[in-house]
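# Inside the fold
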Amino acid sequence: MSITAAPDYLTRLNPEQRAAVETVDGPLLVLAGAGTGKTRVLTTRFAHILLTQRAFPNQVLAVTFTNKAAREMRDRVAAILGSPAEGLWLGTFHALCARMLRRHAEHVGLASNFTILDSDDQLRLLKQVMEAARVDIKRWVPPALMSVIQRWKDRGLTPERVSANEDTDFANGRARALYEAYQARLRTLNAADFGDLLLHMTEILRSQPDILADYHRRFRYILVDEYQDTNLVQYLWLRLLAQGHRNICCVGDDDQSIYSWRGAEVENILRFEKDFENARIVRLESNYRSTAPILAAASGLIAHNEGRLGKTLRPGRQDAQTGEKVTVVGLWDSDEEGRMVGDRIERLRHDGHPLAEIAILVRAGYQTRSFEERLITLGVPYRVVGGLRFYERAEIRDAIAYMRATVQPADDLAFERIVNVPRRGVGDAALRAMHEASRSLGVPLAAAAGHLLENGGLKGRVKEAIGTLLRGFARWRQMLDVDGHVVTVATLLDESGYTEMWKQDKSAEAPGRLENLKELVRALADFETLSGFLDHVSLVMENEERAETDRVSLMTLHGAKGLEFDTVFLPGWEEGIFPNQRSMDESGNKGLEEERRLAYVGLTRARRRAIVSHASNRRIYANWQASVPSRFLDELPTEHIEHTGSAALARDNRIAAATSFTGQFPLVARRPRVIDVWEQPSRPARADQIPIGARVFHTKFGYGTVTAADDDKLDVRFETSGDKRVLDRFVERV
DNA sequence: AAGGTTAATGTTTTT
DNA sequence: CATTAACCTT
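Quick caveat: nothing in here was measured; it's all calculated off a predicted structure. (Residues numbered from 1 in each chain as written. Chains lettered and ligands numbered in written order. Predicted model: local features only at pLDDT ≥ 70, side-chain atom pairs only at ≥ 80, totals over all residues. Heavy atoms only, no water.)

## Here we look at the protein's contact with DNA strand B
In the vicinity of DNA strand B lie 28 residues, with Asn67, Arg363, Arg389, Thr556 and Ser583 positioned nearest. Backbone atoms, meaning sugar and phosphate, make up 54% of the atoms of DNA strand B lying within 4 Å of the protein. Within the side chain of Thr556, an N or O atom sits 2.6 Å from a phosphate oxygen of DNA strand B. Backbone polar atom of Ser583 to a base oxygen of DNA strand B: 3.4 Å apart, as the coordinates give it. Those elements giving two or more residues to the surface near DNA strand B turn out to be α18 (428-441) and α26 (581-603). In terms of residue count, the dominant contributor to the surface near DNA strand B is α26 (four residues). Looking at the surface near DNA strand B residue by residue, the class counts come to eight nonpolar, twelve polar and eight charged. (Near = heavy atom within 4 Å. Polar contact = N/O pair within 3.5 Å; in protein donor to acceptor, adjacent residues only side chain to side chain. Helix = DSSP H or I, 4+ residues; strand = E, 2+ residues; numbered from the N terminus. Nonpolar A, V, L, I, M, F, W, Y, C, P; charged D, E, K, R; others polar.)

The structure is reproduced here in structure tokens:
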């Protein structure tokens, strides 16, 4: 590699990016603001290491959080290299740990073919453990203990490492003991949950110097993406592995740390400098994504957080200065907010703006619904990102349980899941008998069922059904070696009656479920072995979102991290919703600051246009409630913001508008005053105000023209729904 | 053992 | 309001 003439993958970078790429040896922390080319730096650095022949592809460890990020990095490295690199250790923390743990499972009491449990299995198992320990599971709900255990695992704490004084709060101080019992159950089932993958692997690296040394020899360079999201155990794992060559590069942004509730510790950024002496730090501050006003708004907002590492986003784009201001819209109620967003989207669409470049980002999943409804009435195509993933669907999980029970006769969780699916007449009584036999004989459930059959412990229909099922498993197990996994699974799903069950099902979802099952069998063909596939399913598989169609994206702010759109709508900026009340109740100022970071993430998703909105009245569960504009609105620098209010808001609520828009009132004084005005939010009757010929909007029927009026009833000719008689208060004049 | 009824409970979520 | 899980009835 020539030193004088830099290759173009380097010359295309700005000086700070280039420093981040070329500072190859020694520990490096890259603080990368939103839109500053973080991924680009990471992938270029990866390629640079390979191209300068500092390491072979299999000597670089590259860690991401999501499979999507891993895939993207893989693709982009390949693009720079000109060919796909083989044998990379590139993947998510979990996938990489799973791969390692398969080799060393015996050190933590597992066999290398251990099963990876998903959260559903985890919870069921924990519940069983709690019931066995006679914990009152109404008083002490399993999910609460699950999250305690997960936080322990996030911190690298095995049951032995949990100190006694951490144990006081749950189930009268039995949390630690229950954790221990849960881990013991996992071991007997030869299973690991997601947290275990990291916990076990870290434990092994801590206790087995020879294994650690082996990985030191192997990994000469380590790259870490989204470093601010790492939890303690992930940090420990990285630190252990990096001790060898100390060539570790972590890229992150403390301002985008939004997963502390999941165990992520931003403190890992500070720890990095302490643990890795002479670590270099590079800041990426040139933003190539957004216009100047958007960056100014986001920067002004995030400046309200304390204890930041301090970064300033500079506009790096040529055209950044000419951008439009961030729009803040105040609306009367949530319906009007929905209409505002819908109308603006229609206008953008009309002007030729691609829908795929528009996103509506909300704080919580349930908020997407009202926007969906609006977009449906308007006939605007949209997609909701997030929600159920492929392997979380019931039919997929059932099918997988069948496979697991086939491959692993000891997988009680899988057996239990499908023993009565489809209905075989196996109920509580039969299941209890099997559990009892399993415990007294010390064998897995399936084996216990076999014993019961021989000893006449089961009768009638149940006996027949269980017999057929067990013979089925034996047959499919044999078949696996002879006919291969694809054929076996297809046969298994038919012979077990599982596909038939969905064919008989008359519900609307049934055909889709059958389709998913077919897709599952198709996907099997991409794998050498069934266990390889099972790993893939639990760690990697995601929604088949191949829809290349032009659609508006609807998602949570969390889901939007890492994405960007020309136009971003940020509705629901109201106290309690955003910042979220619970977040503040549970974590106080830390919670508030994380909410603010979330707002920062939201704003920085926008390339050219950001529309923030808030409504004065919102339907919460059953009834309408007045809401107060978010404090974040007051934190946006006024010179980069343009305020708009709807006519309804201005007419009905001048004071509220004035109060929220100036933002001059101290927080404490502001709230009661505003609520006073909203005590009587009933709108004036407007029948006489809507003349014949007026254009109106109805929530259900969409747009139309008034053809007649009678007291409070209007006859309206709707554009899409035809002639209807509606009450005036259900329409909005537009 | 299955289906219907009531009561509780409403963030964010990758792996 | 609307979803879901626990509960009760047949």
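Let us keep going from here.
## Quick look at the nonpolar core
Ranked by internal contacts, the top residues of the largest apolar core, which has 49 residues, are Phe415, Met434, Ile466 and Phe533. Ranked by size, the runner-up nonpolar core spans 44 residues in total, among them Leu61, Tyr235, Leu241 and Ala242. (Core = buried A, V, L, I, M, F, W, Y, C linked by side-chain atoms within 4.5 Å. Buried < 20%, exposed > 50% of the residue type's maximum accessible area, 1.4 Å probe, protein only.)

## Focus: the pattern of salt bridges
Within the structure shown, the criterion is met by 50 salt bridges. With a closest N to O distance of 3.7 Å, Glu515 and Arg522 form a salt bridge. For Glu515, a relative accessible area of 40% puts it in the partly exposed group. Linked by salt bridges that have partners in common, Asp118, Asp120, Asp121, Arg124, Arg397, Asp398, Arg404, Asp411 and Arg417 make up one network. (Salt bridge = Lys/Arg side-chain N within 4 Å of Asp/Glu carboxyl O.)

## Some remarks on unusual backbone geometry
When glycine is set aside, most residues are seen to have a negative phi, and most peptide bonds are trans. Of the consecutive residues Val421 and Pro422, the connecting peptide bond is found in the cis state with omega at 0°. When you line up the elements, Pro422 lands in the loop between α17 (412-418) and α18. Note that the residue after Phe578, namely Pro579, is joined by a cis bond; omega there is 5°. Mapping Pro579 onto the fold places it in the loop between β15 (565-570) and α26. In this model, Ala171 sits at a positive phi of 45°, which is unusual for a non-glycine residue. Among the secondary structure elements, Ala171 is positioned in the loop between α7 (142-154) and α8 (175-188). Among the residues examined, Ala171 registers a relative accessible area of 1% and is labelled buried. Not every positive phi belongs to a glycine, and Glu226 is a case in point at roughly 50°. Mapped onto the secondary structure, Glu226 falls in the loop between β6 (221-224) and α11 (232-242). Look at Glu226 and you get buried, because its relative accessible area is 16%.

## Re the protein's contact with DNA strand C
Neighbouring residues of DNA strand C: Lys127, Lys138 and Tyr621. At 3.0 Å, a side-chain N or O of Lys138 approaches a phosphate oxygen of DNA strand C.

## Things to note about the packing of aromatic side chains
One pass over the structure, following the stated rule, counts 19 aromatic pairs. Ring geometry for Trp573 against Phe578: centres 5.3 Å apart, planes inclined by 85°, an arrangement best described as edge-to-face. Like Trp573, the residue Phe578 is buried in the burial classification. Judged by centre distance (6.2 Å) and plane angle (80°), the rings of Trp573 and Phe632 are edge-to-face. In this pair, Trp573 is assigned in the loop between β15 and α26 and Phe632 in helix α27 (residues 631-634), connecting sequence segments 59 residues apart. Residue classification places Phe632 among the buried positions, given a relative accessible area of 0%. Three or more aromatic residues link up through ring pairs in this structure, and these residues are Tyr402, Phe415, Phe473, Trp476, Tyr498 and Trp502. Sitting over the face of the ring of Phe114, Arg102 holds its NZ or CZ atom 4.0 Å from the ring centroid. Positioned above the aromatic ring of Tyr259, the side-chain terminus of Arg262 is 3.6 Å from the ring centre. (Phe/Tyr/Trp six-rings, centres within 6.5 Å; stacked < 30°, edge-to-face > 60°. Lys NZ or Arg CZ within 6 Å of the ring centre and 35° of its normal.)

## Topic: the state of the cysteines
Disulfide: a covalent bond formed between the sulfur atoms of two cysteine residues. All chains considered together, the criterion is met by zero disulfides. With no disulfide of its own, Cys97 lies closest to Cys250 among cysteine sulfurs, the gap being 15 Å. Lacking any disulfide linkage, Cys249 is separated from the closest cysteine sulfur, that of Cys250, by 6.7 Å. With a relative accessible area of 0%, Cys249 lands in the buried category. (Disulfide = S-S within 2.5 Å.)

## Observations regarding the pairing of strand β12 (residues 358-362)
The buried count for β12 comes to five of five residues, which makes it a mostly enclosed element. Of the two faces of β12, the one holding Ile358, Ile360 and Val362 and the one holding Ala359 and Leu361 are both buried throughout. Two strands pair when backbone bridges link them, and β12 and strand β14 (residues 552-556) are joined in this way by four bridges, in the parallel orientation. Residue pairing for β14: Leu361 is matched across the bridge by Met555. (Pairing = 2+ DSSP bridges.)

## A look at the side chain of Arg618
By the secondary structure assignment, Arg618 is in strand β16 (residues 606-620). Arg618 gets classed as buried once you look at its relative accessible area, which sits at 11%. At 2.9 Å, the side chain of Arg618 and the side chain of Glu337 are in polar contact. Leave out the neighbours within four places in its chain, and Arg618 touches Ser334, Glu337, Gly572, Glu574, Ile577, Asn623, Trp624, Gln625 and Ser627. (Contact = heavy atoms within 4.5 Å.)

## Let's talk about the packing of helix α9 (residues 194-207) against helix α10 (residues 209-218)
Direction vectors running N to C along α9 and α10 enclose 100°, while the axes themselves pass 5 Å from each other. When the axes of α9 and α10 are compared, the pair comes out roughly perpendicular. Residue-level contacts link Met201, Ile204, Leu205 and Ser207 of α9 to Pro209, Ile211, Leu212 and Tyr215 of α10. Grouping the constituent residues of the contact of α9 with α10 by class yields seven nonpolar, one polar and no charged. (Axes fitted to C-alpha atoms, helices over the stretch in contact; angles between N-to-C directions. Parallel < 35°, antiparallel > 145°, perpendicular 65-115°, else oblique.)

Everything listed here is a matter of geometry and, on its own, says nothing about what the molecule does.
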